[in-house]
Amino acid sequence: MPPDSPLEAHAATPRELQERILAERRREPFLLYRDGDGGQVILPLDRDGPVTIGRRPGNDVCLDWDSEVSRSHAQLERAGQEWTVADDGFSHNGTYVGGTRVTGRRRLRDGDVIAVGGTQIAFCSPSGDSTSTATVTSVGPRVAELLTPAQRRVLIALCRPFKDSSYSTPATNQQIADELVVGVDAVKSNLRALFAAFGVDDLPQNQKRASLALQALRSGVVTRRDL
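Quick caveat, the model's predicted, so the values are computed rather than measured.

Draft legend 1. Main features of the sheet that holds strand E7 (residues 95–97). Taken in spatial order, the six strands line up as E2-E1-E11-E10-E7-E8 in an open sheet, and their pairing is antiparallel. Each edge of the open sheet is held by one strand with a lone partner, namely strand E2 (40–44) and strand E8 (100–101). Alignment of strand E1 (residues 30–34) against E2, held across five bridges, turns out to be antiparallel. Bridge pairing in E2 links Phe-30 to Pro-44.

Draft legend 2. Fine view of the confidence of the model for the protein. On average, the protein scores 81 in pLDDT, and the residues at 70 or more come to 84%. Contacts for the low-pLDDT stretch residues 6–10, under 50 throughout, to residues beyond four places or in other chains number 13 contacts. Low pLDDT, under 50, characterises residues 128–141; the predicted model gives this stretch 33 contacts beyond four residues in sequence or across chains.

Draft legend 3. Main features of the side chain of Asp-112. Summarising the element assignment, Asp-112 is placed in the loop between strand E9 (104–107) and strand E10 (113–116). For the buried Asp-112, no salt bridge is present, and the opposite-charge side chain at shortest range is Arg-106, 5.0 Å distant. For Asp-112, the side chain forms a polar contact with the main-chain nitrogen of Arg-109, separated by 2.8 Å. For Asp-112, the residues in contact, after removing those within four places along its chain, are Val-97, Arg-107, Ile-121, Ala-122 and Phe-123.

Draft legend 4. Focus on the pairing of E1. Where burial is concerned, most of E1 is hidden: five out of the five residues are buried. Between E1 and E2, which pair antiparallel and follow one another directly, the connecting turn spans five residues, one of which, Gly-38, has a positive phi of 85°. In this structure, E1 lies alongside strand E11 (residues 119–124), joined through three bridges in antiparallel fashion. Of the residues in E11, the one forming a bridge with Leu-31 is Phe-123.

Draft legend 5. Highlighting the side chain of Asp-66. You can see Asp-66 is positioned in the loop between strand E4 (61–62) and strand E5 (74–79). At 7.3 Å, Arg-55 is the nearest oppositely charged side chain to Asp-66, a buried residue that forms no salt bridge. A polar atom in the side chain of Asp-66 sits 3.0 Å from the backbone nitrogen of Glu-68. A polar contact is formed between the side chain of Asp-66 and the backbone nitrogen of Gly-118, at a distance of 2.8 Å. Every residue in contact with Asp-66, bar those within four places of it in the chain, is listed here: Arg-55, Val-116, Gly-117, Gly-118 and Thr-119.

Definitions and limits used
Residues numbered from 1 in each chain as written. Predicted model: local features only at pLDDT ≥ 70, side-chain atom pairs only at ≥ 80, totals over all residues. Heavy atoms only, no water. Pairing = 2+ DSSP bridges. Helix = DSSP H or I, 4+ residues; strand = E, 2+ residues; numbered from the N terminus. pLDDT = per-residue confidence, 0-100. Contact = heavy atoms within 4.5 Å. Buried < 20%, exposed > 50% of the residue type's maximum accessible area, 1.4 Å probe, protein only. Lys, Arg positive; Asp, Glu negative; His and termini not counted. Salt bridge = Lys/Arg side-chain N within 4 Å of Asp/Glu carboxyl O. Polar contact = N/O pair within 3.5 Å; in protein donor to acceptor, adjacent residues only side chain to side chain.

Spelled out as structure tokens, the structure:
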């Protein structure tokens, strides 16, 4: 069976993280997957008609590099405010959501992973309605899933001083380096990626760290238990 996330095999770049955050801020459903070269693809679901998936070039989601995908494999259909995935038996290898084969139609929820052939497609619905996972803020908890382990350790260490008071200041680079037993250059590199991921890299230098820490705490990406 394929891995749980279509993004596990690829470390997201800061630019890709920004693109995902911007897509979530629009608060409209979208599909997220990797193309044949490993590049990120974000397809907004801003139409009423069906969204077709298959190997044939005319499909909305054209997976022409995946030989396990049928020419006309599956399609997404909108019903009111909800989306369903349909596979009426025309695909050779079937369509799976969360490891379960789709027979007929299946309603999609935020975070569902659609597996067709060897390709995985994430269905993202950050609208915050009853059929999807609530987004805490415009950043959203999904960012936590996109961070590398090293980035997450640096982020937690940055927020550590806020454990006892919301009016603390973030940890310095040297304090983070000492806690994690790494070099200051490694801390700076991870912080640059975090600034981009949380959309604060354009702020003045003296505001970036505090804004990053506060966003991480307020969004739930870093919890009090982590500290």
